[in-house]
Amino acid sequence: MMSELLSLPYMQQFKCIADKCEDTCCQHWHVRIDKVHYKRMQEWVDDNPIQKQLFSESVLLNKSNIASDKSYAYIQMDKNGYCPYLNPEQQCTLHIKKGIEILSDICAFYPRIITEKNSLMEMGGALSCPEVVRLCLSADMDNHVLLSLDNSVLPDRENIPVHRSLFMDDNSPLYEKYFSKVQQTFIDIIKSGDCDYFTRLYILASYSHSISTIYFENCVTLDPDALENYRVHVFDSNYKQSVIHFMSQYENEQPLACIIIYSVLQLKQQQAPDEKLSVMVENVFEDYAKQLGFSSSTDVDNAADYSVVFQKRYQMFSNQVHHQVENYLTKYLLNCFYREWFITMPSAFIYIQMLLVRVAIIRFIIYSRVLPEMNTEEIKKISVEVIYQFARAVDHNLPFLQVVYEALNEQQMLHFDYSTPLIKF
Ligand code: SF4
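Residues numbered from 1 in each chain as written. Predicted model: local features only at pLDDT ≥ 70, side-chain atom pairs only at ≥ 80, totals over all residues.

**Student:** Would you take a moment to explain the sheet that holds strand β8 (residues 164-166) for this structure?
**Tutor:** Think of a sheet as strands paired side by side through backbone hydrogen bonds, with each pair either parallel or antiparallel. Read from one edge of the open sheet, 5 strands run β7-β1-β6-β5-β8, paired in mixed fashion. The strands lining the two open edges of the sheet, one partner per strand, are β7 (147-148) and β8. Taken strand by strand, helix α15 (residues 319-339) contacts β5 (112-117) and β6 (120-125), and its axis lies near 145 degrees from that of β6. (Pairing = 2+ DSSP bridges. Helix = DSSP H or I, 4+ residues; strand = E, 2+ residues; numbered from the N terminus. Contact = placed C-beta atoms within 7 Å. Axes fitted to C-alpha atoms, helices over the stretch in contact; angles between N-to-C directions.)

**Student:** Just to check I follow, could you spell out unusual backbone geometry for this structure?
**Tutor:** Backbone phi values are negative for most residues with the exception of glycine, while trans is the configuration of most peptide bonds. That bond from tyrosine 110 to proline 111 is cis: its omega, 5 degrees, falls within 30 degrees of zero. For proline 111, the position within the fold is in the loop between α5 (105-109) and β5. Of note, the phi angle at glutamine 90 is positive, near 65 degrees, even though the residue is not glycine. Mapping glutamine 90 onto the fold places it in the loop between β4 (73-75) and α4 (93-98). The exposure class assigned to glutamine 90 is partly exposed, which follows from the 18 C-beta atoms found within 10 Å. Here glutamine 412, not a glycine, exhibits a phi torsion of approximately 55 degrees, which is positive. Take glutamine 412: it is sitting in the loop between α18 (398-410) and α19 (419-423). (Buried ≥ 20, exposed ≤ 12 C-beta atoms within 10 Å, placed from the backbone.)

**Student:** Explain helix α16 (residues 348-369) to me, please; I cannot follow it from the model alone.
**Tutor:** Two residues of an α-helix separated by three or four positions point the same way, owing to the 3.6 residues in each turn. The terminal C-alpha atoms of α16 lie 32 Å apart, and with 22 residues this matches the ideal 32 Å at 1.5 Å per residue to within 8%. With 18 of 22 residues buried, α16 lies mostly within the body of the structure. (Expected span 1.5 Å × (residues − 1).)

This is how it looks when you write it as structure tokens:
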């Protein structure tokens, strides 16, 4: 019997827009083929010499000793980085010729991301797909909750591919056992309608920092009441008022956020100079360098100078624009909380601090690309582009996130002292 499935409502509306998509997902990635579908492809191409040749050149067996049935083979992208099964209209020829049955689990289910806690499955969406980002940013805040899913909207498969699973019982490690409770608190904090975006981020950082003294990877004792008290505290109205007051008074004089943002984006440019995010960001820094009176960004010695340009730019926008962008960033964070599991990191605070860096970068790029005269739709279009390009280049690039984590850790920036300057800059 299939487990119960919950989903974010906007993912129930998802349909791949194929040739209408501004940027196919079938590029640059390592597309794994599970064993069942590798065999299905192999049987199909046996009768077709042209397909047989394409299959033998492009679908390669995973030679690793630790390859599982899930990653039995992979598709070798062509020299331009595109899937060899894409036609000139950016449609999948495998899908057209043989339907969804022949597609590997990854291809059939992308951009749906399914996780499982005990016998309950939850479906979120990968923000590397621009259509998912559009749906996510358009959904009302009330709809960013998990609801029971009508299974007929899912690709027809006997087994649903599960990205991560957790089976909890009394003997489970404490870090896993209390994961859902803390995850739900993150969601409730970021959704709080009675305080502004910066306040919610501060409460998130402060809560995750406080609980990390008693609740962390490999912790062997935990007082559940103490954990609950931290949760109760963050929703206390006096506490909230004090944070609202603190954040409204807080003037960030430090260029720290810009230096971190610049350093991470520079690492990205060095790692993948041709990636669309790298090109987008290069144009931003070139433009900022000109505003600083330099002929090129290579002449700017001090990344802190970019902060001056950013601040001037940020002040140009109306409260309406701030509200729109902060609403999008909130929905980005909610998507992350449902889909990503902080227990893959040593503590909830480290996950949040890394997330603060990510959301600071997205905010920086959006404000660097929108213009005060743009209308709501134009701002949305730019926000969609920034978020999906960022998700492709950073969020879904675990080796790169690891490099960022190590760099921040080495600079001792995974510390609460750096949270507020990263939040409000
Ligand atoms: S990125 Fe999304 S909408 Fe575009 S082709 Fe891929 S699944 Fe379809």
